[in-house]
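Letter by letter, the chains look like this.
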Amino acid sequence: MSNDTIDIVASFRSKRTIDDLSIVLVAVIWGSSYVVMQDVGRTVPAAEFLMLRFLSAVPPLAILAARTLSRLTRAEVGTGLFFGCMLYGILMLETVGVRHTSAANAGFLIALSVVLIPVLERVVSKRRQQGIVYLMAAIAVLGCGMLLLASGGHPQSGDFIIGAAALIRATQITLFGRRPGGADQSLINLSLIEFVVVAVLAGITAAASGTPMWQVAAAISSRDWLLIGYLGVLGTSFAFLAQLRAARAASSTRVGLILATEPVFAAVFAIVAAGNRLSLAQIAGGALIVVSAAVGRTFEGRAASSMSGYGTVPCVAGRDGSSCGPAAQAAARGTPDVGL
């Protein structure tokens with residue numbers, strides 16, 4: 001092997017390591033987000049929090065979208081508005097739900113979206129998966145049941161709210177993959193529109209509460225401002241771009257499996273930062289969901305690769321707030337106008 005070949009291989013491995021580490025960082029940030037939302041939620045209402053989070057996420061993405069915005073199409077605007085409304089619903093449910101359950105439960109339950117996607121695709125697209133994928137979905141639902149009954153046999157309201165968010169997230173990703181003309185649409189343009197839609201709808205919701213936004217903002221502590229910015233810039237904009245970059249260089253299955261560690265980090269932060277104690281039922285139920293999601297994602301990715309040469313939705317839950325699963329999927333196809 002020549003020195004040039006060795007250098008190329010070493011460079012490729014180094015780049016892949018950096019990409020893998022960036023996705024691990026995304027999983028860590030998303031895992032921490034449940035505790036952060038609970039913490040900030042003690043003083044900041046859900047709609048105001050969501051609006052401020054996405055207002056801080058828009059500028060970094062807008063800078064990167066400067067090149068592609070000049071080619072913004074009517075189809076992209078329509079798609080962005082539709083999925084932005086769905087995204088608003090998902091994130092409002094997550095933001096409210098995490099305040100009424102444990103951070104660990106929220107992290108585990110949101111991962112249900114991964115195993116729900118192939119089930120929805122079977123219904124919507126008539127696309128069959130291997131039997132083991134559906135078996136993993138059934139096992140994950142069993143794990144969900146264990147989490148619901150972990151609190152002395154009395155499910156918490158937040159568990160159902162987070163479960164609803166996971167179902168809508170799975171529906172969003174399934175529909176996004178079926179949108180007409182998807183390959184010709186800029187993923188950064190779409191995500192930027194979605195971010196703006198979420199911020200606007202959250203602002204309207206906040207205004208409907210009757211409390212002037214300036215009063216809410218003035219009452220937010222500097223610590224909470226930092227946490228909101230952390231989730232906006234790192235947990236939203238950076239997370240989207242890191243996935244997009246990694247999926248262009250690696251398989252979407254690889255990205256998805258790394259992101260499958262998010263619930264594990266959520267549990268770690270719940271224990272270390274929030275002082276939560278996990279019962280045996282929570283540990284067992286969470287383990288069933290995480291393992292089922294990882295195994296199901298592996299077999300789903302193999303089936304897709306054998307048919308079309310690239311994997312399917314790589315994101316565990318889409319916690320960055322963008323259409324991250326389809327974004328990375330399209331990036332793996334080599335979408336030309338991503339703008340990176």
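This is a predicted model, so every value here is computed, not measured.

K.L.:
I tried to follow helix H5 (residues 103-110) on my own but got confused; where do I start?
P.N.:
A turn of α-helix holds 3.6 residues, and therefore any two residues three or four places apart point the same way. Burial runs high along H5: eight of the eight residues are buried. Among the residues of H5, Ala-103, Ala-104, Asn-105, Ala-106, Gly-107, Phe-108, Leu-109 and Ile-110 are the ones counted as buried.

K.L.:
What exactly am I supposed to notice about the side chain of Ser-102 here?
P.N.:
Within the secondary structure, Ser-102 sits in the loop between helix H4 (74-97) and H5. At 3.0 Å, the side chain of Ser-102 and the backbone nitrogen of Asn-105 are in polar contact.

K.L.:
Explanation requested: a nonpolar patch on the surface in the structure shown.
P.N.:
Among the surface-exposed residues, Phe-82, Val-123, Val-124 and Leu-175 lie close enough to one another that they form a single nonpolar patch of about 330 Å² accessible area. With respect to the secondary-structure elements, Val-124 resides in helix H6 (residues 112-124).

K.L.:
Would you mind showing me how to read the nonpolar core here?
P.N.:
A general trend in soluble globular proteins is that nonpolar side chains are found buried together. Counting residues in hydrophobic clusters, the biggest one holds 64 residues, and the most contacted among them are Tyr-34, Leu-50 and Leu-112. Contacts of Leu-50, omitting those with residues within four sequence positions, involve Tyr-88, Leu-91, Met-92, Thr-95, Val-198 and Ala-202. Judged by nonpolar contacts, the second largest core, of ten residues, contains Ile-23, Val-26, Ala-242 and Ala-246.

K.L.:
Honestly, the confidence of the model for the protein in this entry has me stumped. Any pointers?
P.N.:
Note: predicted coordinates in regions of low pLDDT should not be interpreted at a detailed level. Considering every residue of the protein, the mean pLDDT works out to 84; 82% of them sit at 70 or more. Below pLDDT 50 for its whole length, residues 307-317 participates in 50 contacts with residues either more than four positions away or in separate chains. Predicted confidence is poor over residues 323-340, with pLDDT under 50, and the contacts of this stretch with residues over four places away or in other chains come to 57 contacts.

K.L.:
What is the right way to look at the environment of Ala-66 in this model?
P.N.:
Among the secondary structure elements, Ala-66 is positioned in helix H3 (residues 66-69). Sequence separation between Ala-66 and Asn-189 is 123 residues, and the spatial gap between their C-alpha atoms is 9.2 Å.

K.L.:
Got a minute to help me understand the environment of Ser-279 in this structure?
P.N.:
Among the structural elements, Ser-279 can be located in the loop between helix H13 (262-272) and helix H14 (280-308). Assessed through its relative accessible area of 25%, Ser-279 is described here as partly exposed. Along the chain, Ser-279 and Ser-151 lie 128 residues apart, while their C-alpha atoms are 8.5 Å from each other.

K.L.:
What exactly am I supposed to notice about the environment of Ala-273 here?
P.N.:
Tracing the sequence through the fold places Ala-273 in the loop between H13 and H14. Once the C-alpha coordinates of Ala-273 and Val-35 are considered, the two residues, 238 residues apart in sequence, prove to be 7.4 Å apart. When near neighbours in sequence (up to four residues on either side) are disregarded, Ala-273 contacts Val-35 and Val-268.

K.L.:
Hey, could you run me through the packing of aromatic side chains in this one?
P.N.:
To describe a pair of aromatic rings, one takes the distance between the centres and the angle between the planes. Evaluation of the coordinates by the stated rule reveals three aromatic pairs. Judged by centre distance (5.0 Å) and plane angle (85°), the ring pair of Phe-82 and Phe-83 falls under edge-to-face. Clustering of aromatic rings is evident, with ring pairs tying together Phe-82, Phe-83 and Phe-176.

K.L.:
Sorry, what's going on with the packing of helix H2 (residues 46-64) against H4 here?
P.N.:
To characterise two packed helices, one gives the angle between the axes of the helices and the distance between these axes. Running from amino to carboxyl end, H2 crosses H4 at an angle of 125°, the nearest separation of the two axes being 10 Å. When the axes of H2 and H4 are compared, the pair comes out oblique. The handedness of the crossing between H2 and H4 is right-handed. Judged by residue contacts, Ala-46, Ala-47, Phe-49, Leu-50 and Phe-54 of H2 engage Tyr-88, Leu-91, Met-92, Thr-95 and Val-96 from H4. Taken together, the residues that form the contact of H2 with H4 break down as nine nonpolar, one polar and no charged.

K.L.:
How should the side chain of Ser-32 be read in this particular structure?
P.N.:
Tracing the sequence through the fold places Ser-32 in helix H1 (residues 3-41). We classify Ser-32 as buried; its relative accessible area is 5%. In terms of polar contacts, Ser-32 uses its side chain to reach the side chain of Tyr-230, at 2.6 Å. In this structure, Ser-32 is in contact with Tyr-230 and Phe-269, ignoring residues within four places of it in sequence.

Definitions and cut-offs
Residues numbered from 1 in each chain as written. Predicted model: local features only at pLDDT ≥ 70, side-chain atom pairs only at ≥ 80, totals over all residues. Heavy atoms only, no water. Buried < 20%, exposed > 50% of the residue type's maximum accessible area, 1.4 Å probe, protein only. Helix = DSSP H or I, 4+ residues; strand = E, 2+ residues; numbered from the N terminus. Polar contact = N/O pair within 3.5 Å; in protein donor to acceptor, adjacent residues only side chain to side chain. Patch = residues over 30% accessible without salt bridge, like charges linked within 9 Å, V, L, I, M, F, W, Y side chains within 5 Å. Areas by Shrake-Rupley, 256 points an atom, 1.4 Å probe, with all protein chains shown as cover. Salt bridge = Lys/Arg side-chain N within 4 Å of Asp/Glu carboxyl O. Core = buried A, V, L, I, M, F, W, Y, C linked by side-chain atoms within 4.5 Å. Contact = heavy atoms within 4.5 Å. pLDDT = per-residue confidence, 0-100. Phe/Tyr/Trp six-rings, centres within 6.5 Å; stacked < 30°, edge-to-face > 60°. Axes fitted to C-alpha atoms, helices over the stretch in contact; angles between N-to-C directions. Parallel < 35°, antiparallel > 145°, perpendicular 65-115°, else oblique. Left-handed = near helix turned anticlockwise from the far one by under 90°. Nonpolar A, V, L, I, M, F, W, Y, C, P; charged D, E, K, R; others polar.

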